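Results of the structural survey
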Amino acid sequence: MTTKKVKGSQAVILSLLEEGVDTIFGYPGGAIMPIYDALYDFDKHVTHILTRHEQGAVHAAEGYARVTGKAGVVFATSGPGATNLITGIADAMIDSTPLVCITGQVASPLLGTDAFQESDVVGISMPITKWNYQITVAEEIPEVIAQAFYIAQTGRPGPVLIDITKDAQFGELDYKYEKCRKIRSYVPETPVDPFKIKEAADLIDTAKRPLILFGQGVIIGNAEDELKEFIEKTGIPAAWTLLGLSAMPTDHELNVGMLGMHGNYGPNLLTNEADLIIAVGMRFDDRVTGKVSEYAKNAKIVHLEIDPAEIDKIKKADVAVLGNSKKSLRMLTDNVKKNSHGEWLQRFKDCDKIEKEKIIDNELFPEKPGLTMGEVIRITGDKTNHEAILVTDVGQHQMVASRYFKFRKPKSNVTSGGLGTMGFGLPASLGAQLGAPDRTVVAVIGDGGFQMTIQELGTIAQNKLPVKIIILNNNFLGMVRQWQQLFFDKRYSFTELQNPDFIMIAKGFGIEGHKVEVREDLEKGISKMINHHGPYLLEVVIEKEDNVFPMVPTGASVSDIILEP
């Protein structure tokens, strides 16, 4: 392989191009300036998106990664630039989102001296990265970057961080690049054990009340088709975690809805009546299980999972099938008998009728004067033909949007799951739009979370990204207020917001928008937003005490799910 003499900063950009990187999110500063100087000569080969804050950059990279399946790439400078990435890196780690974060660092002789804008970002980020590494000599750059992409994108994906000292960026090396194919002691996925498949198939064939729980592992493994084939052959009802949303069409006959604290009535209530749980690419998060000691007590558990650390961590598996979900589902489908579970499926349909009567009809087609979150989501889904990418922030609106927005295409749901990061939605939506430029991206955000990263309106405007932004405004931190109402005797302690004129702020950035306060204007307003060429902000004023139900109270069993206050 031929080599050429380049600076370390140039080697960074050349290495990223070798990995097929077409978009970088970042914010320049002193310690990463040599890399930005090198980037100046490659503007025809890669797009750099200048966000307004480093947290915006890392959330945007998450949005990009979630819709493309490729690692999002982030640049930041040392000190506060690097520490501003931490929330997004932690978010990516718990939600298995592949990122490659590159931070500048003070020159190596200054390490450990409390130099200007020095922070130990390697030490700080160690618990929340899949891998991190500090480069102090230019010669290491190509190999370390190759390893970073391999680690970030293989097995259970996650964020990696490379910290590069300023002298390494200025240093010279004989550049050559080889993609990483293997790292000693790193085993990204275990070969699927055919004996475990047979054990699982035997349990599935004899179960009377089986239930499939599928999560983001299906989406990460590109196993949507395999999941559908497995479900249709076995006839087993299937429910999704928050991050598993869009792995299966919402309107599929065997899709019985969302699990978890604000999930659907049927899959929560009937979990404790199932005699077999088949968990695919999900980790039994506490928001799914409720009180663990009371969860699925009558069921045997088959767990299909790529990460050995998740096996038996929360719920002990009777049969654990390690490996990539695409491979394990295909093998499992080949080994199970064709079946149907009509009587069991009817139980879910009966629960759906109860939930529809008590909650859904009132949310989607309200008779009360105030606007509800549900009707906004229903109309938006209809107007986008259920083919849009939905990006949500965190809170009541996130749960309502996940419950009522319908999906026909995979990789259409972008949200912060495990970390629950307010401020995620707006920057993630611009990243999703860049990752899927031919699709409609709708960001649904609460008035609280929106103000955490409101500055990223500037990034959206500067790059002319046609993101459709809906603020569901109740002048409260809505989810916290709901808990205060239900569990703290309506003692609304510091949850009411005095909000700005969101439309005026948007127009200050050059983004069109308008405010809807009455039902008569809602459908017309949503149509105007969807049909507008370019970014658009729609503020919808909703009822202050518009709550999200059903709800599994904290510490309760999923069987204790409540339908109303």
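What you see is a predicted model, and the numbers here were worked out from it, not measured in a lab.

**Describing the overall build of the protein**
Assigned secondary structure in the protein consists of 23 helices and 20 strands. Over its C-alpha atoms the protein spans a radius of gyration of 24 Å, differing by no more than 12% from the 24 Å that the globule rule assigns to 565 residues. Along the first, second and third principal axes, the C-alpha atoms of the protein reach 70 × 60 × 40 Å. Relative to its full complement of 565 residues, the protein shows a buried share of 60%. Taking the intrachain contacts of the protein between residues at least 6 apart in sequence as the baseline, contacts between residues at least 24 apart amount to 77%. Total accessible area on the protein is roughly 22,800 Å²; 51% of this is exposed by carbon and sulfur atoms. Across the protein, 59 positive and 73 negative side-chain charges occur, with their mean positions spaced 4 Å apart.

**Brief notes about the layout of surface pockets**
For the second largest pocket, the calculated volume is near 640 Å³. Taken together, 27 residues line the second largest pocket, and the ones lying closest to its centre are T250, N264, I360, R403 and K406. Where the lining of the second largest pocket is concerned, the elements lending two or more residues are strand 11 (255-258), helix 15 (342-364), helix 16 (373-383) and helix 17 (396-404). Looking at the lining of the second largest pocket element by element, the count peaks at 10 residues for helix 15.

**Describing the packing of aromatic side chains**
For the coordinates displayed, the defined rule picks out 11 aromatic pairs. For the ring pair Y175 and Y177, a centre distance of 6.5 Å and an interplane angle of 25° mean the geometry is stacked. By relative accessible area, Y175 is classed as buried at 6%. By relative accessible area, Y177 is classed as buried at 8%. Here the aromatic rings of W344 and F348 are separated by 5.0 Å at their centres, their planes lie at 80°, and the arrangement is edge-to-face. Taken together, the residues W344 and F348, both in helix 15 and 4 residues apart, mark about one turn of the helix.

**Observations regarding the sheet that holds strand 3 (residues 47-50)**
Pairing is parallel across the open sheet formed by 6 strands, whose spatial order is 3-2-4-5-7-6. Two strands close off the open sheet at either side, each with one partner strand: strand 3 and strand 6 (131-135). Across the sheet, the axes of successive neighbouring strands diverge by a mean angle of 20°, strand direction being ignored. With 5 bridges connecting them, strand 4 (residues 72-76) and strand 5 (residues 99-105) associate as parallel partners. Following the sheet pairing, V73 is matched in strand 5 by V100. Packed onto the sheet, helix 3 (residues 54-68) meets strand 2 (23-26), strand 4 and strand 5 and runs at close to 170° relative to strand 4.

**Re the side chain of S119**
Among the secondary structure elements, S119 is positioned in the loop between strand 5 and helix 6 (121-125). In this structure S119 comes out as buried when scored by relative accessible area, which is 14%. Apart from residues lying up to four places away in sequence, S119 is in contact with G79, A82, T83 and Q105.

**Some words on the pattern of salt bridges**
Where side chains of opposite charge bring their charged atoms close, a pairing between them can arise. According to the stated counting rule, one finds 23 salt bridges in the structure shown. Note that K316 is salt-bridged to D312, the shortest N-O span being 4.0 Å. Residue K316 is classed as exposed on the basis of its relative accessible area of 62%. Judged by its relative accessible area of 37%, D312 is partly exposed. In this structure, the salt-bridge partner of K356 is D361, at a minimum N-O distance of 3.1 Å. Among the residues examined, K356 registers a relative accessible area of 44% and is labelled partly exposed. The exposure class of D361 is partly exposed, given its relative accessible area of 26%.

Definitions and cut-offs
- Residues numbered from 1 in each chain as written.
- Predicted model: local features only at pLDDT ≥ 70, side-chain atom pairs only at ≥ 80, totals over all residues.
- Heavy atoms only, no water.
- Helix = DSSP H or I, 4+ residues; strand = E, 2+ residues; numbered from the N terminus.
- Rg over C-alpha atoms; globule rule 2.2 N^0.38 Å.
- Buried < 20%, exposed > 50% of the residue type's maximum accessible area, 1.4 Å probe, protein only.
- Contact = heavy atoms within 4.5 Å.
- Areas by Shrake-Rupley, 256 points an atom, 1.4 Å probe, with all protein chains shown as cover.
- Lys, Arg positive; Asp, Glu negative; His and termini not counted.
- Charge placed at Lys NZ, Arg CZ, Asp CG, Glu CD.
- 1 Å grid on protein atoms, 1.4 Å probe; cavity = no way out; pocket = protein on both sides within 12 Å on 5 of 7 lines; lining within 4 Å.
- Points joined across faces, edges and corners; volume = space filled by probe spheres on them.
- Phe/Tyr/Trp six-rings, centres within 6.5 Å; stacked < 30°, edge-to-face > 60°.
- Pairing = 2+ DSSP bridges.
- Axes fitted to C-alpha atoms, helices over the stretch in contact; angles between N-to-C directions.
- Salt bridge = Lys/Arg side-chain N within 4 Å of Asp/Glu carboxyl O.

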